Amino acid sequence: QVQLVESGGGLVQAGGSLRLSCAASGRTFSSYLMGWFRRAPGKEREFVAAISRNGGNTYYADSVKGRFTITRDNAKNTVYLQMNSLKPEDTAVYYCGAANYPYSDPRSTREYAYWGQGTQVTVSS
């Protein structure tokens, strides 16, 4: 069991940066694959990035590769998403999720058992 709370969203101009944080409860945070997903208005939730238990493996959607970086600090029970060179099409509610091991596809929403409430990111042109 884990509870997740996202923060760090806001309004930025195109080309700007934001860093999202996801704080987790419990003392078994390091047991989970952690991921970031987003949902834009009128669209389905889509994969953004994921990171393995010890941070040794990362995964990115093609649309954010080279612009976004996912990291985690297990000592602080926190996962981060650094977002640079933001575009208007990045506008969405961003959610973090936690997945139990073993898993098959870190890019699949079906892998994640626990979710935060989401944080709004708006990028203006």
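Residues numbered from 1 in each chain as written. Predicted model: local features only at pLDDT ≥ 70, side-chain atom pairs only at ≥ 80, totals over all residues. Heavy atoms only, no water.

## A closer look at the state of the cysteines
1) Next: Counting across every chain of the model gives 1 disulfide.
2) Next: For Cys 22, the disulfide goes to Cys 96, at an S-S distance of 1.9 Å. Measuring the twist about the S-S bond at about 50°, one finds the Cys 22-Cys 96 disulfide to be right-handed. Separated by 74 residues along the polypeptide, Cys 22 in strand 3 (residues 18-24) and Cys 96 in strand 9 (residues 92-99) bring together distant segments of the chain.
3) Next: Given the relative accessible area of 0%, Cys 22 is considered buried. (Disulfide = S-S within 2.5 Å. Helix = DSSP H or I, 4+ residues; strand = E, 2+ residues; numbered from the N terminus. Buried < 20%, exposed > 50% of the residue type's maximum accessible area, 1.4 Å probe, protein only.)

## A word on the sheet that holds strand 3
The strands that make up a sheet are held in pairs by hydrogen bonds between backbone atoms, and each pair lies either parallel or antiparallel.
1) Next: In spatial order, the strands read 1-3-8-7; together these 4 strands make up an open sheet with antiparallel pairing. Among the strands making up the open sheet, the edge pair consists of strand 1 (4-7) and strand 7 (68-73). Sheet twist, expressed as the average angle between the axes of neighbouring strands with direction ignored, equals 15°.
2) Next: Relative to strand 8 (residues 78-83), strand 3 runs antiparallel, the two sharing 6 bridges. Bridging across to strand 8, Ala 23 finds its partner in Thr 78. (Pairing = 2+ DSSP bridges. Axes fitted to C-alpha atoms, helices over the stretch in contact; angles between N-to-C directions.)

## Let's talk about the pattern of salt bridges
1) Next: Across all of its chains, the model carries 4 salt bridges by this definition.
2) Next: Across the pair Arg 38 and Asp 90 runs a salt bridge whose closest N-O atoms are separated by 3.0 Å. In this pair, Arg 38 sits in strand 4 (residues 33-39) while Asp 90 sits in the loop between strand 8 and strand 9, placing the two residues 52 residues apart along the sequence. The burial state of Arg 38 is the same as that of Asp 90; both residues are buried.
3) Next: For Arg 67, the salt bridge goes to Asp 90, with nearest N and O atoms at 2.8 Å. Taken together, the residues span a long stretch of sequence, with Arg 67 in the loop between strand 6 (58-60) and strand 7 and Asp 90 in the loop between strand 8 and strand 9 at a distance of 23 residues. (Salt bridge = Lys/Arg side-chain N within 4 Å of Asp/Glu carboxyl O.)

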